[in-house]
Amino acid sequence: MIFITHSGEETQSLGTRLGRLLGPGDIVLLFGDLGAGKTTLTQGMARGMGVNPDEYVRSPTFTLINEYRGNFPIYHIDLYRLDSLAEIENIGLEETLLGCGVSIVEWAEKLIQNPGEAPALGITRRIEVEISDLGENERRLEIRPMEMDAQSHPIFSLQ
Ligand SMILES: Nc1ncnc2c1ncn2[C@@H]1O[C@H](COP(=O)(O)OP(=O)(O)O)[C@@H](O)[C@H]1O
Ligand SMILES: [Mg+2]
């Protein structure tokens, strides 16, 4: 599924539509450079999952993980500051990822050791979102449900 947005607001509302289709146990992996719009999309997803619009969703770059309460727990993770897979494995994310919340991971590139390989930490079923900056406020968002059967997840109804 490919979407083009033309402003941060448009990316946020796509995030909100996406967030409404997420549920406990879902893992969303966000790929894209600095300033691509990963946090902007996450802000929208949080709204779509019932997080109070007044709550400020920002990059957990220094805290590594922020937790929000929506209709269920939402874990917003940012791997930017972590360099090696060993470091990532050491912070004990597995528990969070396997728990009954929704996990959203910025800089998911850091979970992929070799191109085309599955992500680390035992992640299988997931929704990948790759955001590319096309310039002039234009962003391309490719949303890929992975290891999921069509019809097995509401995400397939996103349009
Ligand atoms: N089409 C667009 N989609 C997303 N962000 C956009 C778009 N156009 C401009 N922007 C701006 O780009 C910035 C993206 O920042 P952010 O979401 O923090 O990126 P990241 O978390 O990927 O580093 C925001 O300031 C946002 O307003
Ligand atoms: Mg960010």
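Keep in mind the model is a prediction, meaning the values are calculated, not measured.

Calculation criteria
- Residues numbered from 1 in each chain as written.
- Chains lettered and ligands numbered in written order.
- Predicted model: local features only at pLDDT ≥ 70, side-chain atom pairs only at ≥ 80, totals over all residues.
- Heavy atoms only, no water.
- Near = heavy atom within 4 Å.
- Polar contact = N/O pair within 3.5 Å; in protein donor to acceptor, adjacent residues only side chain to side chain.
- Areas by Shrake-Rupley, 256 points an atom, 1.4 Å probe, with all protein chains shown as cover.
- Helix = DSSP H or I, 4+ residues; strand = E, 2+ residues; numbered from the N terminus.
- Expected span 1.5 Å × (residues − 1).
- Buried < 20%, exposed > 50% of the residue type's maximum accessible area, 1.4 Å probe, protein only.
- Contact = heavy atoms within 4.5 Å.
- Salt bridge = Lys/Arg side-chain N within 4 Å of Asp/Glu carboxyl O.

(A) Molecular detail of the site of ligand 1. With respect to spatial proximity, 16 residues lie near ligand 1, and among them Thr11, Gly35, Lys38, Thr39 and Thr40 are the closest. Note that an oxygen atom of ligand 1 is positioned 2.8 Å from one of the backbone N or O atoms of Gly35. Compared with its free state, where it exposes 570 Å², ligand 1 has 74% of that area covered by protein.

(B) Main features of helix 1 (residues 8–20). When the terminal C-alpha atoms of helix 1 are compared, their 18 Å separation across 13 residues agrees well with the 18 Å that a helix rising 1.5 Å per residue should span. Turning to helix 1, its buried residues number three or more, namely Thr11, Leu14, Gly15, Thr16, Leu18 and Gly19. In this structure, the buried residues of helix 1 make contact with strand 1 (2–5), helix 2 (38–48), strand 6 (126–135) and strand 7 (138–146).

(C) Molecular detail of the pattern of salt bridges. Tallying each qualifying case throughout the model produces nine salt bridges. The shortest N-O distance in the salt bridge between Lys110 and Asp83 comes to 4.0 Å. Taken as a pair, Lys110 in the loop between strand 5 (102–106) and strand 6 and Asp83 in the loop between strand 4 (73–78) and helix 3 (85–90) lie far apart in primary sequence, 27 residues in all. Residue classification places Lys110 among the partly exposed residues on the basis of a relative accessible area of 25%. According to the relative accessible area criterion, Asp83 is exposed, its value standing at 67%. Linking Arg144 and Glu128 is a salt bridge whose minimum nitrogen-to-oxygen distance equals 2.9 Å. Remark: Glu128 occurs in strand 6 and Arg144 occurs in strand 7; sequence separation between them is 16 residues. In this structure Glu128 comes out as buried when scored by relative accessible area, which is 6%. In this structure, a network of salt bridges that share partners links the residues Arg126, Glu128, Glu130, Arg140, Glu142 and Arg144.

(D) View of helix 2. Burial of helix 2 is extensive: nine of the 11 residues sit out of reach of the surface. Tucked inside the fold, the buried residues of helix 2 contact helix 1, strand 2 (27–31), strand 4, strand 5, strand 6 and strand 7. Positive phi shows up at Gly50, right after helix 2, with a value of about 90°.

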